[in-house]
2 protein chains.
Amino acid sequence: MHIDNIHKPSLVLDENKCRRNIRFMAQKAMNSNVLFRPHFKTHQSATIGTWFKDEGIQAITVSSVTMASFFSIHGWHDITIAFPLNFREIDEVKKLAEKSQINLLTASYEHLEILTKKVKFDAGCFIEIDTGYKRSGVEWNDYEQLMRMIDIINKNNNLRIKGFLFHAGHTYSAQSPEEIISIYVDSLLKIKEIKKRITSPGLIFSAGDTPSCSVVEDLSGIDEIRPGNFVFYDLMQHQLGSCRKEDISLAVYCPVVDINYKRNEVLVYGGAVHLSKESITIGDNGKKIFGEVAFLAENGWVFPEERIFVKSITQEHGILSVPGKLIRKLKRGELVAVIPVHSCLTVDLLREYHTLEGRIINDLSPK
Amino acid sequence: MHIDNIHKPSLVLDENKCRRNIRFMAQKAMNSNVLFRPHFKTHQSATIGTWFKDEGIQAITVSSVTMASFFSIHGWHDITIAFPLNFREIDEVKKLAEKSQINLLTASYEHLEILTKKVKFDAGCFIEIDTGYKRSGVEWNDYEQLMRMIDIINKNNNLRIKGFLFHAGHTYSAQSPEEIISIYVDSLLKIKEIKKRITSPGLIFSAGDTPSCSVVEDLSGIDEIRPGNFVFYDLMQHQLGSCRKEDISLAVYCPVVDINYKRNEVLVYGGAVHLSKESITIGDNGKKIFGEVAFLAENGWVFPEERIFVKSITQEHGILSVPGKLIRKLKRGELVAVIPVHSCLTVDLLREYHTLEGRIINDLSPK
């Protein structure tokens, strides 16, 4: 990449690491005999989508109808929209379903009742179950509601029951990889309980958070996985234990603007409109941080011997807190690599990747 | 506005309220005999810029070189870039300075030393001082450094000294309007002290946070104000006491997707990629919230008798916590208005306004 061409905060992608992450997850799914239906909401890009095709992937997950339409245009014809259907977009879904096999999501009996009335086209239907995250979906052990829902789908001429979908987002609050595994095992036990009561044949159980899919070695207890974030990973995933630092394939290159030697602080051009306001807390005193800094190296970035964090951000300003012996390594006008806390949100803000080889990728789904 | 055309999270702007906010601030500046140089980083739009022209505004503030170039193209020819100059963009600034009068910002003696070497074109120069926010700038009472900086600017053939610029961003941590006023008064005392020591004629003192400019009645102690957020205001400003709820001119209309009567929660399509992850804490127990809900009314939105908050958000999901007696008023497939916590970040994410009259405004500065 021509570093000289980077004048303002820019998303830099290490394609090798990214492809390695994709390959790793595809292999794990294959070894576990689980369908890999990656979530494309993290990268949102048609080009990066082709890197999944290179690994044999044919079915995907998205989080919006707009994204489904975008990837349908870009040659994906088996798409799950993993967000309870927003009825205001029914006409767009109808058009979409003419070109691609679409799976919709329903999250309650009342939602499904409306869905059955609105859907006048062929579509798969997943029922969202809540296994503990408490965001959306039918409580996993409300068997009566689940059976009524399967029943109404089975009686409908347009919808075909696909199975149960859940997102164990509570893994993001885990304090250790062991806790992630225990949440995963808990989901498996719940699936077993459901299977005891609901014996319709062919029901797919689809799970999908990146922490579980990364940490659990053998995923064979479920039928389908839908992780998304693993394609890049980020600081949050690293803190959870989902990845090593060297697996993170994305950074925001930010210009160093000014240095305050008295306070050991550095002002970079790179703020909330580049990184997002997502934060994590680190250390025993629970310090909130918005990114971690690496130095530019011949082929990407390397982490310094002591950690440097983005301690605060406003719209365009990022303030780094830099250990005394490292601050002299930073020069005004040079670039640093900032590893984002949450790559999904950072990508959505910047919407253009520079690969280390100098290629620009900006074919992202509209919002 | 044709509500029926809104299918997904959309920024809705009440033009009347917005113009009223602009007029109010322009009048206050005029009454205080202070130059009004509004910050355009909040709205970023060429069209909304013309609403300022309608009030006689000719000089503006921006936070990036990209934004300066954008507004220069759109007929603004007196622009302060209120971010210490990022030297990697010097060529773009040079081009810009050929068309518009540009004021640059410098934040330390070392930064200025580089600036004087790099700038080979005519530009105004503000020295950033830090009056207590501790983000960037020379400490206000480091008179020796300030005088050395004025000296080096005066000796330079390209830079012309404009004065001192500060941003009292610590007003955002104020607990009451009285505390905002006391921070403002403190700034005035500091300006007096500086004026005692630095007596060069014609130096402008430029201040600019929305809380101070909104709460302080008479701004005559300073020379120039640069507020930005007041054009829309938001929940954060309302909580600070900068505005009334009816002054907030912006909302995100979000589709209601599903309702959980057991938990009194509502899922809306509208998450971190629409509202941003900015939060405020409310109430005595310090509950974190990501937006507040209003109901759609004939000509905009109205707040319900009890407050409804966005209690959590992920990429596309917003979860509302709804008091029991209000939940029956919400229907799947309808829209609610979500007032953002921080309008600057929400606008930057959605980048397209729908006015209540149905006009689309999407001529925003690139990032």
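Basis of the calculations
- Residues numbered from 1 in each chain as written.
- Chains lettered and ligands numbered in written order.
- Predicted model: local features only at pLDDT ≥ 70, side-chain atom pairs only at ≥ 80, totals over all residues.
- Heavy atoms only, no water.
- Least-squares fit on C-alpha atoms with pLDDT ≥ 70 in both.
- Contact = heavy atoms within 4.5 Å.
- Buried < 20%, exposed > 50% of the residue type's maximum accessible area, 1.4 Å probe, protein only.
- Helix = DSSP H or I, 4+ residues; strand = E, 2+ residues; numbered from the N terminus.
- Pairing = 2+ DSSP bridges.
- Buried area = accessible area lost by both parts, 1.4 Å probe.
- Salt bridge = Lys/Arg side-chain N within 4 Å of Asp/Glu carboxyl O.
- Polar contact = N/O pair within 3.5 Å; in protein donor to acceptor, adjacent residues only side chain to side chain.
- Nonpolar A, V, L, I, M, F, W, Y, C, P; charged D, E, K, R; others polar.
- Phe/Tyr/Trp six-rings, centres within 6.5 Å; stacked < 30°, edge-to-face > 60°.
- pLDDT = per-residue confidence, 0-100.
- Domains from an automatic or database assignment.

(A) Main features of the relation of the copies chain B and chain A. Least-squares fitting of chain B to chain A yields an RMSD of 0.0 Å, with the superposition described by an axial translation of 0.0 Å and a rotation of 180°. Taken together, these values place the two copies in the relation of a two-fold axis. Within chain B, the C-alpha atom positioned nearest to the axis of rotation is that of lysine 277 of chain B, 2.8 Å from it. Taken as a fraction of all interface residues of chain B, those also at the interface in chain A reach 100%, which identifies the copy contact as same-surface.

(B) Local environment of the pairing of strand S8 (residues 159–165) of chain A. Residues and elements named next belong to chain A. For S8, the buried fraction is high: five of the seven residues fall into the buried class. Relative to strand S9 (residues 204–207), S8 runs parallel, the two being bridged by three bridges. For glycine 163, the partnering residue across the bridge sits in S9 and is isoleucine 204.

(C) Spatial organisation of the interface of chain B and chain A. With 58 residues of chain B at the interface, the matching set in chain A holds 58 residues. A buried area of about 5000 Å², summed over both sides, lies between chain B and chain A, and 53% of it is on carbon and sulfur atoms. Linking chain B with chain A are six salt bridges, by the criterion used here. With a closest N to O distance of 3.6 Å, arginine 263 of chain B and aspartate 130 of chain A form a salt bridge. If you look at where chain B meets chain A, you find 31 residue pairs in polar contact (both at pLDDT 80 or more). Put simply, the parts of the chain that give the side of chain B that touches chain A at least two residues each are helix H3 (65–73), strand S4 (78–84), helix H5 (109–118), strand S11 (250–260), strand S12 (265–269), helix H10 (272–275), strand S18 (317–321) and helix H12 (343–350) of chain B. Considering each element in turn, the side of chain B that touches chain A owes the most residues, five residues, to H12 of chain B. Residue composition of the side of chain B that touches chain A, grouped by class: 23 nonpolar, 14 polar and 21 charged.

(D) Spotlight on the packing of aromatic side chains. All names here are of chain A. What the rule picks out here adds up to 23 aromatic pairs over all chains. Ring centres 5.8 Å apart and planes at 55° place the aromatic pair phenylalanine 36 and phenylalanine 230 in the tilted group. Of this pair, phenylalanine 36 sits in strand S2 (residues 35–36) while phenylalanine 230 is found in the loop between strand S10 (224–225) and helix H9 (235–240), placing the two residues 194 residues apart along the sequence. Overall, the relative accessible area of 6% leaves phenylalanine 36 in the buried class. Residue phenylalanine 230 is classed as buried on the basis of its relative accessible area, which comes to 0%. Grouped by ring-pair contacts, the aromatic residues Phe36, Phe40, Phe52, Phe70, Phe71, Trp76 and Phe230 constitute a single cluster.

(E) View of unusual backbone geometry. Its identity is not glycine, yet arginine 351 of chain A carries a phi of approximately 55°, on the positive side. The topology assignment puts arginine 351 of chain A in the loop between helix H12 (343–350) and strand S20 (353–355). Despite not being glycine, asparagine 264 of chain B has its phi angle at roughly 55°, a positive value. Along the chain, asparagine 264 of chain B falls in the loop between S11 and S12. Overall, asparagine 264 of chain B belongs to the partly exposed group, its relative accessible area being 26%.

(F) Inspection of the confidence of the model for chain A at higher detail. On average, chain A scores 97 in pLDDT, and the residues at 70 or more come to 100%. Note on the complex model: pTM 0.97, ipTM 0.97.

(G) Main features of the domain arrangement of chain A. The domain boundaries assigned to chain A delineate domain 1 (3–10 + 244–361) and domain 2 (63–227). A separation of 36 Å is found between the C-alpha centroids of domain 1 of chain A and domain 2 of chain A.

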